[in-house]
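# Survey of secondary and tertiary structure
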Amino acid sequence: MEIILRNRKHRAFIVPLMLYSLHAFLFSMLITSIGESQMSSIPQHIKLVLENTEPLKWSRGNRLPLYLWPVMDVDTGDDAETESIIRQLDARGIGAISTWNPGRQEETLAKGMRVARIQKRLELPININANPCTYAFCNGNPRTAHISEDGVPFFDESFGKEHKMGCPFALDFRKPEMKKRVEDFVKAYKEANLEIDFIFADWEIDGPIEWNGAWDASKRCRRCRENIPEIDDFTAFQTALRRKRSELQREMLADIVKAYFPDALVGNYGVYPHDGYRYWYDYFERFVEGAPHKRDGNAKYRQWFDEFPMTGYTFAMPVVYTWDTIWNWYDFEKGDYRWFYNMLLVGSNAGENTPRQIPIITFVHWHTVETTGKDESIKQFSEEKYQELLWHLLLRGHDGFFVWCPREQTAVETRLVHQVYAESLQYREFLNAGEPITFDVPPQPGPVVSGLKLGDRLLLRRTDFDDTEVPVTLVVDGMKIEVLRVDGRCQVRKLW
Ligand SMILES: [Zn+2]
């Protein structure tokens with residue numbers, strides 16, 4: 001089953017849930033389902049996860065757990081039962097995440113802390129979804145609006161009528177409230193001596209974003225023009241907006257979390273170091289004429305601002321999804337390579353540009369994400385090559401995966417990623433300390449090689465998109481190595 005993100009039915013649901021992201025929306029559906037299934041000892045969607053995964057053959061050690069969107073808020077109200085769920089998930093390397101919702105603060109804090117106490121006792125990481133705390137700076141308050149030359153307040157509605165996108169330079173007064181939302185939770189954990197290990201947000205359609213009609217709106221705003229004298233230059237506009245967007249994230253989330261838990265991994269969906277370009281579009285983003293970009297087939301890869309260092313985040317969170325738009329960007333006859341090529345570009349960009357000490361926890365997704373409606377000409381990425389892609393990400397410096405999916409896709413999405421995750425743990429030593437040897441993405445279907453170097457040993461993966469059997473030659477540390485075709489498994493060999 002596939003979701004249609006842009007159909008009428010979905011939009012009708014989205015409107016009353018204004019200011020929430022797509023992920024949060026799907027998540028809210030999940031919450032309802034948890035409530036309904038509380039009568040049985042284990043919620044149905046958790047059962048699905050357990051049924052589609054096996055306990056680990058190789059231990060997780062100090063590797064990050066696997067994160068799954070459906071595995072949130074596992075508290076059933078009965079501590080013994082909750083502990084049993086957490087233990088079964090942990091046997092599979094899967095981390096349980098608790099959601100903080102300031103709209104239901106008392107309840108979500110109590111539930112989250114019950115889970116955290118169990119995690120602490122079992123010496124497992126404490127994982128938090130802080131997303132509901134982050135919506136929204138642009139809450140529709142007239143004070144957040146742009147202001148026209150004639151002094152008339154207005155909003156940018158090009159992200160959907162339900163999103164009253166305001167003026168980037170009128171949002172500072174919202175900071176104390178937004179900070180307090182996160183701080184109330186963080187403080188309570190600190191006082192209870194519950195150390196947070198991982199905390200993420202999925203802050204998307206809110207605050208300054210340069211896409212869609214934003215540039216046009218800012219040009220019509222007196223305040224924006226005062227703040228960005230060179231507003232007609234897109235790069236100047238993008239820089240100003242991303243600086244403000246980074247500042248809001250740092251003050252609202254990263255600074256607060258780190259003040260209480262300096263070692264916590266804190267990050268946001270889609271925020272990661274890169275080479276100055278973004279090779280994918282989010283479901284709500286449209287290209288803006290005049291924006292600097294580079295062409296590749298029908299794709300326009302947009303110039304992107306180096307926001308990561310300004311956010312204060314301590315881990316990178318790239319997004320490697322099967323967006324439907326990817327299909328028509330390229331004309332490779334081997335359809336699988338259209339997906340693989342783009343997703344490897346996105347992944348390699350993050351892998352190559354993220355400092356080694358910053359973990360990369362990547363949002364991944366397999367079912368075609370329909371952002372433009374149903375298109376029968378699009379061929380689903382194969383399971384086999386998707387799993388190959390995940391291997392290549394691991395061998396290009398990615399440290400962990402976060403599977404996003406709506407509930408009906410839980411079984412397949414979980415199985416595909418978990419198999420790779422579980423298998424990869426036999427190479428823990430390489431994954432922990434190995435150096436990627438290449439970030440090359442072949443422009444045409446053929447052999448693709450990735451590898452990690454650890455001392456004098458190499459962990460290699462070669463995936464082929466044609467019938468060639470010839471070895472691929474790579475130069476590592478000045479030495480030529482030949483990588484033979486081996487389908488479906490890794491190769492370990494000596495470098496010299
Ligand atoms: Zn403005």
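Data block above holds the structure.
A brief structural summary. For every chain, the first residue of the written sequence is number 1, and numbering continues from 1 along that sequence. Thresholds applied to this predicted model are a pLDDT of at least 70 for local features of residues and 80 or more for the giving and counting of side-chain atom pairs; totals over whole chains, interfaces and linings are not thresholded and use all residues.

## Focus on the overall build of the chain
- Within the chain, the secondary structure is distributed over 14 helices and 19 strands.
- With the C-alpha coordinates of the chain rotated into their principal frame, the extents come out at 70 × 55 × 45 Å.
- With C-beta atoms placed from the backbone, a residue counts as buried when 20 or more other C-beta atoms lie within 10 Å of its own, as exposed when 12 or fewer do, and as partly exposed for counts between those limits. A burial count over the chain gives 45% of its 496 residues as buried.
- A separation of at least 24 residues holds for 75% of the contacts in the chain among residues at least 6 apart in sequence. Runs of H or I in DSSP of at least four residues are treated as helices and runs of E of at least two as strands, each being numbered from the N terminus. By the criterion used throughout, residues are in contact when their C-beta atoms, derived from the backbone, lie within 7 Å.

## Some points on the nonpolar core
- V71, A130, I199, L253, V257, M317 and V403 are the most contacted members of the largest nonpolar core, which totals 122 residues.
- Aside from chain neighbours lying at most four places away, what touches V257 is V186, I196, I199, A264 and V266. Note on terminology: a nonpolar core is any set of buried Ala, Val, Leu, Ile, Met, Phe, Trp, Tyr and Cys residues joined through C-beta atoms within 7 Å.

## Looking at the sheet that holds strand β2 (residues 97-99)
- Between any two strands, pairing holds if DSSP finds at least two bridges. The sheet built from four strands is open, its strands ordered β2-β3-β6-β7 with parallel pairing. Strand pairing shows two members of the sheet lacking a second neighbour, β2 and β7 (265-268), which therefore form its edges. Averaged over all pairs of adjacent strands, the angle between their axes in this sheet comes to 20°, without regard to strand direction.
- Two elements, β2 and strand β3 (residues 127-129), share three bridges in a ladder whose sense is parallel. Working convention: axes come from line fits to C-alpha atoms, limited for helices to the stretch in contact. Angles between N-to-C directions cover 0 to 180 degrees.

## Overview of the pairing of strand β10 (residues 299-303)
- With two bridges connecting them, strand β8 (residues 277-278) and β10 associate as antiparallel partners. Looking at β10, one finds that R278 is bridged to R302.
- Two strands pair when backbone bridges link them, and strand β9 (residues 293-296) and β10 are joined in this way by four bridges, in the antiparallel orientation. Counterpart to H293 in the pairing with β10 is R302.

## A few points about unusual backbone geometry
- For the bond from Y135 to A136, the omega torsion is 0°, close enough to zero to count as cis.
- Structurally, the position occupied by A136 is in the loop between β3 and β4 (146-147).
- A positive phi angle, near 60°, is found at D73, a position not held by glycine.
- Within the secondary structure layout, D73 lies in the loop between β1 (67-68) and α4 (79-91).
- Of note in the backbone geometry, N212 takes a positive phi value of approximately 55° without being a glycine.
- Turning to its location among the elements, N212 is positioned in the loop between β6 (198-201) and α7 (214-219).
- You can call N212 buried: it has 21 C-beta atoms within 10 Å.

## Digging into helix α13 (residues 410-424)
- Working rule for helices: expected span equals 1.5 Å times residues minus one. The terminal C-alpha atoms of α13 lie 21 Å apart, and with 15 residues this matches the ideal 21 Å at 1.5 Å per residue to within 8%.
- If you check which residues of α13 are buried, you get T410, E413, T414, L416, V417, H418, Y421 and S424.

## Quick notes on the pairing of strand β12 (residues 361-364)
- Burial along β12 is two-sided: I361 and F363 facing one way and T362 and V364 facing the other are all buried.
- Pairing between strand β11 (residues 319-320) and β12: two bridges, direction parallel. Bridge pairing in β12 links V320 to V364.
- Orient the strands so they point away from the viewer, and a crossover whose first-strand-to-second-strand path over the helix runs clockwise is right-handed. The handedness of the β11 to β12 crossover, carried by helix α11 (residues 335-353), is right-handed.
- Both β12 and strand β13 (residues 400-403) contribute to a ladder of four bridges, which runs parallel.

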